[in-house]
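Architecture at a glance
Below, each chain spelled out in residue letters.
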Amino acid sequence: MGEFTMPSLGADMDEGTLVEWLVAEGGEVARGDVVAVVETAKSTIEVECFESGTITELLVEPGTTVPVGTPLAVIGPTASRGRAPSAAPAPVLTGPALTTPLVRHQAAEEGVDLQAVHGSGMGGRITREDVSRAAHPAPARITASPLARRLAESLGVDLASVKGTGSRGAIKADDVRAAAGAAGEGPAPAAPAERAAPAGPPPPPAGTRAAPPPGDRLAIARLMTRAKREIPHYYLSTVIDLASALEWMRTENGARQVADRLVPAALLLKAVALAAREVPELNGHWSDDRFVPATGVRLGTAVSLRGGGLVAPALADADRMPLPELMATLKDLVARARHGRLRASETADPTLTVTNLGDQGVETVFGVIYPPQVAMVGLGRVTDRPVAVDGMLAVHPTVTATLSADHRASDGADGSRFLTALDRLLQHPEDL
């Protein structure tokens, strides 16, 4: 018997909102199965189960916000084992009503006659949700994720008119977008008073993510404020000649299908991962007043979300991943991050994060370290600069690479070795 709890999906996460169950009571799950969707202050994450068994009870309804560590579901042995759960309170039969002491207590508080309640749990067991429905049959409670509620407000959609497609009819963000799109097919003319009103910002088009509320940015701001206050940052930068790397990439891409072609970001990320393996002082976490080096390189990649906000999914074992695989994984992660479909394992415990603002036109970026990590690499846009080659002046594509590092875990010499390794690796792209 075990509990599936609200996971911690980042150092700045104190609570999360259960958006959707992807399993039902009585269903069997295996370790690694995605069982729920959780919304944090920064993104929506698919959460995996870390043990196998049978979902004996769902404890939290979709749309509920709970602290990290709160039990969300009870997992018992699989039916094939032929034994009942032993750790949780045993179901108690009172007349024809199969239930638990906790549910009996809730029924007593709410004045519900358990003999008249139909149980929806395993074997007809009465759950807390059954008691709640019996105690409050009307008006019907609208179950919707916080993201769906915010989106409905911004698009002017009445949630009561939306049909939910989530677990037990919960309304998801996609349901709201669909309702908004259907309503927008034949808009009525605006009334005179509406025409006279000042025009506000247009609502986001259907299919896009609504802008996050101020709390999202505040959560990130609080963590970054603490990071700057508690972490003794030091900063280094260097300009790297990318002529060899980009020429090699063009040759490689000439033999590839368009969908499989590499982009400069893939080369840069692979080189960062290999440099991190060479300089382990920058790859790990600061925990309990000491540096704990990581056993592998989980490279966090900062992704800006279309509606605002930031998330950093991790490329696991990026130093050992072949370039084509890294490229495909990167494209997949970015796409799912922007659609709010990352998995918990993809956001957990990056050992070093890269922020790349080159597509925003920025040449140099010095990042703030994301605790408990001890370093962040910044990459700017690729730009042509004059460089000296064999005593001659030439114009080559270059990139400015920066390092923000924690002085408790490393020093300037370590940081210099890292940037030097990064430069060297990019001069021999065939070895990446």
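These lines cover the structure that appears in this document, whether it is placed above or below. (Residues numbered from 1 in each chain as written. Predicted model: local features only at pLDDT ≥ 70, side-chain atom pairs only at ≥ 80, totals over all residues. Heavy atoms only, no water.)

1. A few points about the sheet that holds strand β8 (residues 71–76)
Convention followed: Strand pairing follows a simple DSSP-based rule, namely that at least 2 bridges must link the two strands. Helix numbers and strand numbers start at the N terminus; a helix is a DSSP run of H or I with at least 4 residues, a strand a run of E with at least 2.
Pairing in this open sheet of 4 strands is antiparallel, and the strands run β1-β8-β6-β3 from one edge to the other. What marks the edges here is a single partner per strand, and that holds for β1 (2–5) and β3 (28–29). Of the strand pairs in this sheet, strand β6 (residues 53–58) and β8 are connected by 4 bridges, and their pairing is antiparallel. For L58, the partnering residue across the bridge sits in β8 and is A73.

2. Concerning helix α11 (residues 412–426)
Definition in use: To estimate the expected span of a helix, subtract one from its residue number and multiply by 1.5 Å. Only protein chains enter the calculation, and the probe is 1.4 Å; a residue is then buried if its accessible area is under 20% of its type maximum, exposed if over 50%, and partly exposed in between. Throughout, the arc means that of the directions going from the helix axis to the C-beta atoms. The definition of a polar contact used here is a pair of N or O atoms within 3.5 Å, where within protein one atom must be able to donate a hydrogen and the other to accept one, and adjacent residues in sequence count solely through side-chain atom pairs.
Given a rise of 1.5 Å per residue, 15 residues ought to cover 21 Å, and the 21 Å separating the end C-alpha atoms of α11 matches this to within 8%. Those residues of α11 that sit buried are D414, G415, F418, L419, A421, L422, L425 and L426. Take α11 and look down its axis: the buried residues cluster within an arc of 155 degrees, on one side only. Regarding α11, its N-cap is D411, as a side-chain oxygen of that residue lies 3.1 Å from the backbone nitrogen of A413 further along.

3. Notes on the sheet that holds strand β2 (residues 15–21)
Strand order in the open sheet made by the 5 strands is β7-β2-β4-β5-β18, with mixed pairing throughout. Of all strands in the sheet, those with a lone pairing partner are β7 (65–67) and β18 (342–343), marking the two edges. Pairing of strand β4 (residues 34–39) with strand β5 (residues 44–48), which is carried by 5 bridges, proceeds in the antiparallel orientation. Bridge pairing in β5 places V37 opposite E46.

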